[in-house]
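The primary structure of each chain is shown beneath.
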Amino acid sequence: MITVKLYSAIRKYGGKEVMFEYKKNLRVRDIVEELKIPIKEISIIILDHFDSTPDIMLDHEVKESSLIHLFPPMAGG
Amino acid sequence: MFGYMGKLLRINLTDQSVKVEDLDFELAKKYVGGRGLGTKILFDEIDPKIDALSPENKLIFINGPLTGTPTPTGGRYMVVTKSPLSGTIASSNSGGTWGARLKYAGYDGIIVEGKAKNPIYININEDVVELLDAKDLWGKTVGDTTDILKDTKKTNVLTIGPAGEKLSKIAAIMNDKDRAAGRSGVGAVMGSKLLKAIVVTGNLKVSLADPDSVKAYVKDANLKIKENPVTGQGLPAYGTAVLVNVINANGILPTNNFQEGVFANAEDISGETLAEKYLVRKDPCHRCTIGCGRYTKTDKVEGGGPEYETIWAFGADCGVKNLETIIEANWWCNQLGIDTISAGSTLAAAMELKQKGLLDHIDFEGHDLEFGNDDAIVYWTKKLANREGFGDEMADGSYRLCNRYGRADLSMTVKKLEIPAYDPRGVQGHGLNYATSNRGGCHVRGYMISPEILGLPTKLERLDLKDKPFWTKTFQDLTAFIDSIGLCLFTSFALGAAEYADIYNSVVGTKWTADDVLKAGERIYTLEKQFNLAAGILPEEDTLPPRLLIEPMPSGPTEGHVHHLDQLLPEYYDLRGWDSEGIPTAEKLKDLGL
């Protein structure tokens with residue numbers, strides 16, 4: 001199973017956590033589309049401890065037990 | 001003279017004299033105001049080697065030219081002095097309304113000198129400035145003092161609490177009850193002068209060079225702030241604590257005194273949980289169109305905060321998952337006038353000392369300082385601020401506490417100032433900023449978390465070293481400018497150097513470019529470095545706690561990494577025009593007009 005964790009404003013698309021069945025060639029983008037989250041509302045994607053810009057991360061393929069964190073634009077300090 | 005009020009108040013507490021001096025406009029333009037101008041005045045007027053708690057130290061409250069203007073977040077002021085905690089330059093920034101009110105009373109700043117014979121407070125009502133007996137206020141909390149002294153809507157109160165009176169080297173200066181010039185122990189300097197409070201009343205206006213342009217730029221900036229998803233949505237909805245989960249998901253949320261980088265209960269102390277369970281309303285500062293400030297309520301307390309850094313310090317860093325208790329600890333810090341970051345981090349250091357068996361002789365009075373014991377954080381925060389029992393050993397911060405037990409290495413500090421809520425092992429640029437920050441371990445001297453974690457203004461790989469010295473220097477210089485004009489650093493999530501130049505020009509009447517903005521910031525940064533060198537701060541103090549340099553992160557997304565300061569510092573110094581030891585070259589000083 002793949003675990004997807006959602007934070008702050010984008011929890012409206014699925015709550016805190018959503019589980020997905022693994023499929024071959026499944027990408028982060030497919031999961032985001034399945035959740036119906038507009039891509040422009042996602043600013044940070046962390047897949048199995050790795051992060052980069054969303055446009056790079058969206059095309060990453062997930063593994064059977066992947067953990068994905070999805071965050072909207074945020075800042076603080 | 002536009003933007004500036006053109007007057008400084010000089011108050012000598014030893015001889016009780018009050019003088020009004022004209023502001024040197026050319027000096028003000030060169031050093032901008034706030035942090036820059038305050039540092040210049042302090043450096044010119046004191047020997048940086050003096051004891052920070054002696055009457056020879058001066059305490060400068062100073063605004064920027066944009067403080068009190070209609071510009072977005074235009075309400076910030078700076079406290080500039082020599083720090084009793086670090087021995088470096090101290091410049092602590094605060095919001096609320098007090099700074100703007102000082103402008104409305106007719107003054108760009110106040111220079112406080114000497115030491116009073118008995119506790120006093122200063123009452124300023126435009127041209128009338130009085131030094132009044134504060135005997136009955138001494139010992140009172142920030143809330144009680146403020147309630148007693150605030151008598152009209154056009155009055156704002158700045159005060160210390162018991163921690164400042166007792167010369168805790170991590171004491172804060174508080175204004176408008178919940179706003180803090182928190183860091184570097186500035187509250188102890190005020191306490192050492194027996195100055196309890198400064199009350200300001202005023203209704204004057206700040207003149208603007210080009211009111212129509214100001215109006216247009218403010219409209220444009222406010223639109224950008226509103227349309228930006230960070231400043232227009234994230235910060236207003238969740239406050240700064242929205243960061244808890246993203247910092248934890250990157251494995252850099254310092255846990256149990258930086259022994260780990262992932263806190264299993266992060267969700268329990270997150271901005272989302274804060275908003276769901278305890279948030280009453282937003283609590284914006286003067287002229288703020290963002291509104292990240294929180295006003296929260298639990299069964300026990302009600303008031304401003306907590307911020308992200310506070311939640312981390314008393315939460316993950318102490319292994320505590322009870323947000324209600326963290327809110328209570330924050331409330332007591334505000335009431336007693338103490339820096340939440342240094343207080344929480346000092347408790348965490350004590351917990352590790354105890355974990356290692358070094359405090360077996362201490363009477364913990366039934367409230368054991370152990371990681372995860374939420375009961376201990378409120379109890380010992382109060383004891384720390386009041387210097388009672390073991391609290392007295394913690395009252396001067398974690399460095400002096402750990403050093404007393406021969407384990408200074410367990411103090412997570414740079415230049416004796418506690419480093420905040422991001423483990424440098426997983427954010428290489430931010431670690432460089434901590435090591436080179438002129439006031440010691442500080443996240444808001446060059447907030448590299450923006451590009452390295454949040455992707456603002458562009459995403460940098462957090463573990464890479466490439467280009468990090470350039471970015472760190474640029475962030476530090478821009479921040480020095482923002483801190484000097486009187487705006488909030490958070491505007492930089494939506495605005496850039498060119499936009500700051502436009503707004504500054506429209507208020508002051510200059511024709512600065514983005515390059516001028518960065519050059520002014522660089523001048524201020526280098527001046528601070530010069531102050532530190534003259535104060536006896538050694539070049540090798542540009543470093544990080546050994547744990548972060550040699551102990552690989554044990555687990556999580558940052559597992560196996562250390563901070564590579566030795567690889568970053570040479571390029572950073574080179575970019576600054578400083579020599580290989582971090583000393584500004586004569587050529588660079590000349591270039592900056594220093």
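Here's the deal with the pairing of strand 3 (residues 44-47) of chain A
Residues and elements named next belong to chain A.
Piece 1. Of the two faces of strand 3, the one holding Ile44 and Ile46 and the one holding Ile45 and Leu47 are both buried throughout.
Piece 2. The pairing of strand 3 with strand 5 (residues 67-71) spans four bridges and is antiparallel. Note that in strand 5 the partner of Ile44 across the bridge is Phe71.
Piece 3. Hairpin remark: strand 3 followed by strand 4 (residues 50-52), antiparallel, with two residues in the connecting loop; positive phi at Asp48, about 50°.

Examining helix 19 (residues 468-485) of chain B
Residues and elements named next belong to chain B.
Piece 1. The first and last C-alpha atoms of helix 19 sit 26 Å apart over 18 residues, in line with the 26 Å expected at 1.5 Å per residue.
Piece 2. In terms of residue burial, helix 19 counts as a mostly covered element, since 16 of its 18 residues are buried.
Piece 3. Positive phi shows up at Gly486, right after helix 19, with a value of about 105°.

Thoughts on the pattern of salt bridges
Residue and element names in this part refer to chain B.
Piece 1. The final tally for this structure, using the stated rule, is 46 salt bridges over all chains.
Piece 2. Taking the shortest distance from any N to any O, the salt bridge between Arg281 and Asp283 comes out at 3.7 Å.
Piece 3. Taking relative accessible area as the criterion, Asp283 reaches 19% and is therefore assigned buried.
Piece 4. In this structure, Asp591 engages Lys519 in a salt bridge whose closest nitrogen and oxygen atoms are separated by 2.9 Å. Taken as a pair, Asp591 in helix 24 (residues 586-591) and Lys519 in helix 21 (residues 514-535) lie far apart in primary sequence, 72 residues in all.
Piece 5. Ionic contacts of the salt-bridge type, sharing partners, join the residues Lys473, Asp477, Lys519, Glu522, Arg576, Lys588 and Asp591 into one network.

A short note on the side chain of Asp483(B)
Piece 1. Of note, Asp483(B) is situated in helix 19.
Piece 2. For Asp483(B), the contacting residues outside a window of four places in its chain are Gly34(B), Arg35(B), Met78(B), Asn93(B), Val444(B) and Arg445(B).

Brief notes about empty space enclosed by the protein
Residue and element names in this part refer to chain B.
Piece 1. With the rule as written, the count across this model stands at two cavities of 30 Å³ or more.
Piece 2. Within this model, the largest cavity holds a volume of roughly 890 Å³.
Piece 3. Among the elements of the structure, strand 5 (89-94), strand 11 (179-181), helix 11 (308-314), helix 12 (323-336) and helix 13 (340-355) are those that each provide at least two residues to the lining of the largest cavity.
Piece 4. Residue classes in the lining of the largest cavity are distributed as 14 nonpolar, 19 polar and twelve charged.

Re the packing of aromatic side chains
Residue and element names in this part refer to chain B.
Piece 1. What the rule picks out here adds up to 22 aromatic pairs over all chains.
Piece 2. Look at Tyr572 and Trp578: their rings are 6.2 Å apart centre to centre, the planes differ by 90°, and that puts the pair in the edge-to-face class. Pair check on accessibility: Tyr572 and Trp578 agree, each one buried.
Piece 3. The rings of Tyr308, Tyr422, Tyr447, Phe490 and Phe493 are connected pair by pair, giving a single aromatic cluster.
Piece 4. Directly above the ring of Tyr295 sits Arg281, whose terminal nitrogen or CZ lies 4.1 Å from the centroid.
Piece 5. Over the aromatic face of Tyr399 sits the side chain of Lys416, whose NZ or CZ is 5.0 Å from the ring centroid.

Notes on the domain arrangement of chain B
Bring the parts together and some accessible area is lost; that lost area is often taken as the interface size.
Residues and elements named next belong to chain B.
Piece 1. Here chain B is partitioned into domain 1 (7-201), domain 2 (240-418) and domain 3 (426-493 + 513-591).
Piece 2. Distance from the C-alpha centre of domain 1 to the C-alpha centre of domain 2: 26 Å.
Piece 3. Contacts between the two partners involve 38 residues from domain 1, matched on the other side by 34 residues from domain 2.
Piece 4. Summing both partners gives a buried area of about 2600 Å² for domain 1 against domain 2, and 52% of it is carried by carbon and sulfur.
Piece 5. The largest contributions to the domain 1 side of the interface with domain 2 come from Leu85, Ile170 and Arg183, which together make up 26% of the buried area.
Piece 6. Counting the contacts that link domain 1 with domain 2 gives one salt bridge.
Piece 7. With a closest N to O distance of 3.0 Å, Asp339 and Arg183 form a salt bridge.
Piece 8. For the pair domain 1 and domain 2, the interface holds 22 residue pairs in polar contact (both at pLDDT 80 or more).
Piece 9. Counting residues per element, the ones that place at least two in the side of domain 1 that touches domain 2 are helix 3 (98-104), helix 4 (142-149) and helix 5 (162-165).
Piece 10. It is helix 5 that provides the largest number of residues to the side of domain 1 that touches domain 2, a total of three residues.
Piece 11. Of the residues that constitute the side of domain 1 that touches domain 2, the class distribution is 14 nonpolar, 17 polar and seven charged.

Calculation notes
- Residues numbered from 1 in each chain as written.
- Chains lettered and ligands numbered in written order.
- Predicted model: local features only at pLDDT ≥ 70, side-chain atom pairs only at ≥ 80, totals over all residues.
- Heavy atoms only, no water.
- Buried < 20%, exposed > 50% of the residue type's maximum accessible area, 1.4 Å probe, protein only.
- Helix = DSSP H or I, 4+ residues; strand = E, 2+ residues; numbered from the N terminus.
- Pairing = 2+ DSSP bridges.
- Expected span 1.5 Å × (residues − 1).
- Salt bridge = Lys/Arg side-chain N within 4 Å of Asp/Glu carboxyl O.
- Contact = heavy atoms within 4.5 Å.
- 1 Å grid on protein atoms, 1.4 Å probe; cavity = no way out; pocket = protein on both sides within 12 Å on 5 of 7 lines; lining within 4 Å.
- Points joined across faces, edges and corners; volume = space filled by probe spheres on them.
- Nonpolar A, V, L, I, M, F, W, Y, C, P; charged D, E, K, R; others polar.
- Phe/Tyr/Trp six-rings, centres within 6.5 Å; stacked < 30°, edge-to-face > 60°.
- Lys NZ or Arg CZ within 6 Å of the ring centre and 35° of its normal.
- Domains from an automatic or database assignment.
- Buried area = accessible area lost by both parts, 1.4 Å probe.
- Polar contact = N/O pair within 3.5 Å; in protein donor to acceptor, adjacent residues only side chain to side chain.

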